[in-house]
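Structural characterization, general
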Amino acid sequence: MPESGTLPATKRRIFWIPLLAIVLTWTVLYLPHLRTSPRWYGDETLTLMIGKSLFAGAPADRSLKISFWHPSYTYQPGYAWVAGMMAAITGGDILGARFLNVSLALTIALVLFIFGRKHLGYWPALFAALLFLTYDQTVIHFRWIYPHNAVALGFLISVLALMRASSPRADWTTGAGLGLAAFCHPLFAHGAIAAWLCRLKRPRAWIRMAILPGLVLAASFLSAIWRYQESWLWGDLSELLAFYRVSSSEAGTGAQPFLNFYYFFRQDFFHIGVLLGGLLCLTRRRLYPIGLFLLVVSALLLQNRRNIPLFYYQAVTLLPIMALAWAGGLRVVLMWIWKVSGRSRLARLLAILVLILPAIYFLKILPAAVSGKLVSRNDIWVTQNTDEVTQAADWLKARLHPDDLVICGTNIGWMLPCRQADLIQATTWAGHKSFTFETPIAHKKFLHPADLSQARYVIISDLDQRWTFGQTNVSLIANLLEKEKWQIVWQGPFYIIVENPRLTPSPTPSR
C-alpha cells in the first residue's frame with residue numbers, strides 16, 4: 001500500500017510545485033507598484049480611455065467617433081472593451097486595466113507549462129514558462145495596457161494546436177487562438193498567414209481555422225457600419241491601407257527588411273537563443289510549427305519596422321513563441337544527447353541546469369520590479385513623473401465642469417471627467433492634415449468639437465514638447481496659444497496648464 005500511494009503523491013508534487021513557482025514568480029515581478037511602474041505610456045492610456053468610453057456605451061476616441069479601422073486607432077474594440085470593464089471595477093482607474101494584462105502574462109506562463117509538457121517534456125515546458133515570465137521586456141510590457149498582450153495568448157494557443165496533427169479539434173483550436181487575436185488587433189493576420197503555411201498540405205483545415213477569426217472580423221465591420229449608418233468604414237480602410245503603404249515604402253525598402261531582422265535577433269542573448277532554438281525546431285516534425293510561426297511572423301512584422309528594439313511592444317505578440325523556441329531548441333538538444341550518449345540522466349541534468357537562465361533574469365529584474373522603478377527602452381516617450389500628473393489632474397478636477405473642453409494628451413486625460421481632444425485632433429478639426437490624418441476629418445465625424453477657441457484649458461505635457469509639436473501642422477495650433485496670450489495657471493517640472501483668455505477664469509488659479 002505505501003508504494004502504491006507514493007507514486008501518485010510524487011506526481012502531484014511535481015505538478016503543483018512548478019505551478020506554485022510560476023505563480024510566486026509572477027506575484028513578485030508583476031504586482032508591486034503595478035499602477036505606476038512602468039510609468040504611463042500614451043498608447044496604453046489611449047487604449048484605456050477608448051475602453052472606458054466603449055464600456056460606457058459610447059465608442060469614441062475622446063472627440064472622435066471611431067470605426068477601429070482608421071490609422072489613428074486600429075486596435076480592435078474587443079480588447080478595449082474588456083480593458084474598460086476592468087478599469088470600471090477599480091473606479092475608472094488604470095490599475096484595473098493593468099491587472100488584466102498581468103493576468104494575461106500569468107495565463108500564458110501556465111499554458112506554456114501545462115499544455116507544453118506533452119510536446120516539449122516536463123523540464124523544457126517549465127523552462128519556457130519561467131523564461132517567459134522573467135525576461136525583462138515581458139515584465140515591462142505585460143504591465144502596460146496593450147492588445148498585443150492578448151494577441152500573444154492567441155498566438156500561443158494556435159501554435160500549440162498546430163503542433164498536433166491536423167484534425168477538427170486541433171484546427172478549431174488553432175482558429176480559436178486566431179479569433180482571440182483578431183478580437184484585439186489586425187496583427188492577427190500575421191499569425192493567420194503562418195498558421196496557413198503550417199497547414200499548407202491540409203486544405204480541409206483552412207476553413208476550420210478561418211471561421212472564428214472571420215466571424216470576429218465581420219462583427220467588427222458590421223458594428224462600425226451599424227453604429228454610424230455612414231460610409232466612414234470604407235474611407236477609414238482606404239486611409240489605413242494608404243498609411244501602411246507609405247510606412248512600408250519609407251521603412252522597408254532595399255536591404256532594410258533584412259537589416260531589421262538582423263538587428264532584432266542580435267539585440268541580446270535572449271533573442272539570439274530564440275533564433276537558434278527556432279531553427280532547431282524546424283528539424284523536428286512535431287516542433288517545426290514553432291520555428292515556422294516564429295520566422296514567418298517575424299519577417300512580416302519586421303519588414304517595415306526598424307524601431308522595434310526601441311518600441312518593443314510591437315513584438316510582444318511573439319514573446320510566448322520565443323519562449324517556446326528556446327524550449328523547443330532545448331528539447332532537440334536533449335534528445336540528441338540522449339541518443340548519442342544513451343544516458344537519460346545526463347539529459348535530465350542539463351534540462352534542470354538551464355533553469356539557471358530564468359533565475360538570472362529573475363534576479364536581474366527583481367530590484368526594479370519590487371521598488372517600482374521599471375524603466376522601458378523608450379523611456380523618453382513615457383510620462384516622466386506620474387505624481388506630477390496626478391497633482392495636475394487633481395487641480396483641474398476641482399475647477400472643471402463635465403461640459404468643459406480640455407485639449408490634452410491621454411496620460412492625464414484618463415483622469416479628467418470632461419470633454420476632451422488632443423492637439424492633433426484640434427489640428428484636424430481646424431481643417432489641417434496631421435499625423436494619421438492625411439485627410440482632415442469632417443466635423444460630422446466628431447462626437448463634440450475639438451475647437452481650440454472652445455477649450456477652457458490646454459495641457460502641454462512632456463510628450464507634447466518632445467513629439468506632438470513636431471507633427472505636421474500642430475505648430476499652427478500651438479502658435480495660437482502664444483498669439484492669443486493664453487495664461488499659465490499651473491506649472492510643474494514637465495506639465496504646463498494654460499487657460500483660455502476668452503472664457504471666464506476658473507476660481508483661484510495657482511501655480
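Anything mentioned here points back to the structure above.
Quick look at the structure, then. (Residues numbered from 1 in each chain as written. Predicted model: local features only at pLDDT ≥ 70, side-chain atom pairs only at ≥ 80, totals over all residues. Heavy atoms only, no water.)

The subject of this paragraph is empty space enclosed by the protein. Rolled over the atoms, a probe as big as a water molecule pinpoints where empty space is left. Using the criterion set out here, one finds one cavity of 30 Å³ or more in the structure. Taken as a whole, the largest cavity encloses approximately 50 Å³ of empty space. Of the residues that constitute the lining of the largest cavity, the class distribution is four nonpolar, three polar and three charged. (1 Å grid on protein atoms, 1.4 Å probe; cavity = no way out; pocket = protein on both sides within 12 Å on 5 of 7 lines; lining within 4 Å. Points joined across faces, edges and corners; volume = space filled by probe spheres on them. Nonpolar A, V, L, I, M, F, W, Y, C, P; charged D, E, K, R; others polar.)

What follows concerns the side chain of His190. By the secondary structure assignment, His190 is in helix α9 (residues 188-198). Ignoring any residue separated from it by four or fewer positions in sequence, one finds His190 in contact with Val297, Leu300, Leu301 and Arg305. (Helix = DSSP H or I, 4+ residues; strand = E, 2+ residues; numbered from the N terminus. Contact = heavy atoms within 4.5 Å.)

Okay, the packing of aromatic side chains next. A complete count under the given rule lists 28 aromatic pairs for this structure. Seen in terms of ring centroids, Tyr41 and Tyr146 are 6.5 Å apart; in terms of plane orientation they differ by 50°. Their pairing is tilted. Here the residue Tyr41 occupies a position in the loop between α1 (2-30) and α2 (42-55), and Tyr146 occupies one in the loop between α6 (136-141) and α7 (147-162), the gap between them amounting to 105 residues. Tyr146 carries the same exposure label as Tyr41, and that label is buried. Taken together, a centroid distance of 4.8 Å and an interplanar angle of 50° make the contact between Phe261 and Phe265 tilted. Within this pair, Phe261 and its partner Phe265 are both found in helix α12 (residues 256-265), separated by four residues, close to a single helical turn. With a relative accessible area of 26%, Phe261 lands in the partly exposed category. (Phe/Tyr/Trp six-rings, centres within 6.5 Å; stacked < 30°, edge-to-face > 60°. Buried < 20%, exposed > 50% of the residue type's maximum accessible area, 1.4 Å probe, protein only.)

Turning our attention to the sheet that holds strand β6 (residues 487-491). Hydrogen bonds along the backbone pair up the strands of a sheet, which may run parallel or antiparallel. One open sheet accounts for five strands, arranged β4-β3-β5-β7-β6; its pairing is mixed. Single-partner strands in this sheet number two, and they are β4 (419-421) and β6. This sheet shows a mean twist of 25° between the axes of neighbouring strands, independent of strand direction. As defined by bridge partners, strand β5 (residues 455-460) adjoins strand β7 (residues 496-499) across four bridges and the pair is classed as antiparallel. Bridge assignment links Tyr457 to a residue of β7, and that residue is Glu499. (Pairing = 2+ DSSP bridges. Axes fitted to C-alpha atoms, helices over the stretch in contact; angles between N-to-C directions.)

Glancing now at the pattern of salt bridges. One side chain can pair with another of opposite charge once the charged atoms of both are near each other. Evaluation of the coordinates by the stated rule reveals 14 salt bridges. Between Asp61 and Arg62 there is a salt bridge, with its nearest N and O atoms 2.8 Å apart. In this structure, the salt-bridge partner of Asp171 is Arg199, at a minimum N-O distance of 3.0 Å. In this pair, Asp171 sits in helix α8 (residues 168-182) while Arg199 sits in the loop between α9 and α10 (203-228), placing the two residues 28 residues apart along the sequence. Of the two residues, Asp171 and Arg199, neither departs from the other in class, the shared state being buried. Salt bridges here are not isolated pairs; linked through shared partners, they connect Asp61, Arg62 and Asp422. (Salt bridge = Lys/Arg side-chain N within 4 Å of Asp/Glu carboxyl O.)

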